[in-house]
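What the coordinates show
Here's the letter readout for the chains.
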Amino acid sequence: MYTQYRLAGILIGIAGLLPLLVGGQSAEAVRKVSFTVADLERSTTFFEKVLTFKPVDTRTWEGESLRTLMGREESDLKAKVALLQLGEEYIELIQFTSVDSSRKIPPDSRSNDLWFQHIAIVVRDMDQAYQRLRKYKVQHVSTAPQTLPDYIPAATGIRAFYFRDPDGHNLELIQFPEGKGDSRWQRPGEELFLGIDHTAVTISDTDQSLAFYEDLIGLKTAGRSENYGTEQERLNQVFGAHLIITGLKAQDGPGVEFLDYLAPPGGRAYPLPAQATDLWHWHTTISVPDIPETYANLEPSHANIIYPDIVIWREKSSLLVRDPDGH
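Residues numbered from 1 in each chain as written. Predicted model: local features only at pLDDT ≥ 70, side-chain atom pairs only at ≥ 80, totals over all residues. Heavy atoms only, no water.

1. Description of the nonpolar core
By size, the foremost hydrophobic cluster in this structure holds 30 residues, and its most contacted members are F47, L51, F53, I91, F163, L173 and F193. In this structure, I203, F258, A303 and V321 belong to the second largest nonpolar core, which totals 21 residues. (Core = buried A, V, L, I, M, F, W, Y, C linked by side-chain atoms within 4.5 Å. Buried < 20%, exposed > 50% of the residue type's maximum accessible area, 1.4 Å probe, protein only.)

Next up, the structure:
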């Protein structure tokens, strides 16, 4: 965050929810990435049929702890939730069934807008995966899969493609050449879709975000790249795209990636006030070893904790907070 932290898209909890680490602690794991959908059946069908995610669990959320954690006042707040798995990683789809309508993702959203977030799905063969998406007529963001060039050393040879799910959430396919990415993405096998490498958020200032995610939450910087050029423009569909990408990791789980656009100007701010019922809502669950210590470090900084105290959520001590840009 900045001087006054505006957090509320990070769920922190001991050994299960979105826990943060402070004061020299290291975040234990990025557990899952969650986002709000308009129609749970439609979204689960998309992720299972098109991208081969496997169903793990479905349940209903309701009660006082849900209202408290999400900062809502409705006495009848209720949500249907599906947990899905791909490889070793998990996503969580949330449909708030007690809310008549959720605010939709702006149709002109671009990846330099500060509400932008995506997950990067690793594939074994980009051409085969892209043809599968074409078969199901997914909505393109990228013009086609892009191979990042030699003048971007940290990303040379990586192939990527952006597209959207039925609600307009951005998703990425990514294929790593030998020698790049986690070594497990090179394991032999038959699966086309392998797992989730990272979730990426667009930010306004790398140093500001590092102060939050490293110093307060306990993620550790794992790498950095400066990306620009024709391939990057075609990938993001942002003319003149020039950005600093910083990857962070917990001890376990997928990474968290910052997208800090140096150009072009004009990326729009996260639309606050925002609610978990908005379709642009994502939150990332990070486990930390000590929630009270995390809370003590966040609270004096005036962090935007959705409910200004520790919440017992599904038998875990948890906080839901916004990062400096509103994620």
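2. Topic: the environment of S317
Mapped onto the fold, S317 is located in strand 17 (residues 316–321). The exposure class assigned to S317 is partly exposed, which follows from its relative accessible area of 21%. Separated by 47 residues in sequence, S317 and Y270 have C-alpha atoms that sit 27 Å apart. (Helix = DSSP H or I, 4+ residues; strand = E, 2+ residues; numbered from the N terminus.)

3. Quick look at the confidence of the model for the chain
On average, residues of the chain score 90 in pLDDT, and 91% of them are at 70 or above. The model gives residues 13–23 a pLDDT under 50, and that stretch makes 80 contacts with residues more than four places away or in other chains. (pLDDT = per-residue confidence, 0-100. Contact = heavy atoms within 4.5 Å.)

4. Observations concerning the pairing of strand 5 (residues 89–96)
With 7 of 8 residues buried, strand 5 is to be regarded as a mostly interior element. Across 4 bridges, the pairing between strand 2 (residues 29–36) and strand 5 is parallel. By the bridge assignment for strand 5, T36 is matched with I94. In this structure, strand 4 (residues 78–86) lies alongside strand 5, joined through 8 bridges in antiparallel fashion. Paired with L86 across the two strands is E89, which belongs to strand 5. (Pairing = 2+ DSSP bridges.)

5. Examining the pairing of strand 9 (residues 159–164)
With 5 of its 6 residues buried, strand 9 lies for the most part within the structure. Examined bridge by bridge, strand 7 (residues 139–140) and strand 9 share 2 bridges and lie antiparallel to one another. Within the sheet, the bridge partner assigned to Q139 lies in strand 9 and is R164. In the sheet, strand 8 (residues 146–147) pairs with strand 9 via 2 bridges, with the strands oriented antiparallel. From the neighbouring strand, Q146 faces strand 9, where its bridge partner is A160.

6. Some thoughts on helix 1 (residues 40–49)
By the burial criterion, the buried members of helix 1 are L40, S43, T44, F46 and F47. Buried residues of helix 1 fall within an arc of 155 degrees about the axis and therefore sit on the same side. Along its buried surface, helix 1 packs onto strand 2, strand 4, strand 5, strand 9 and strand 10 (170–175). (Arc of directions from axis to C-beta.)

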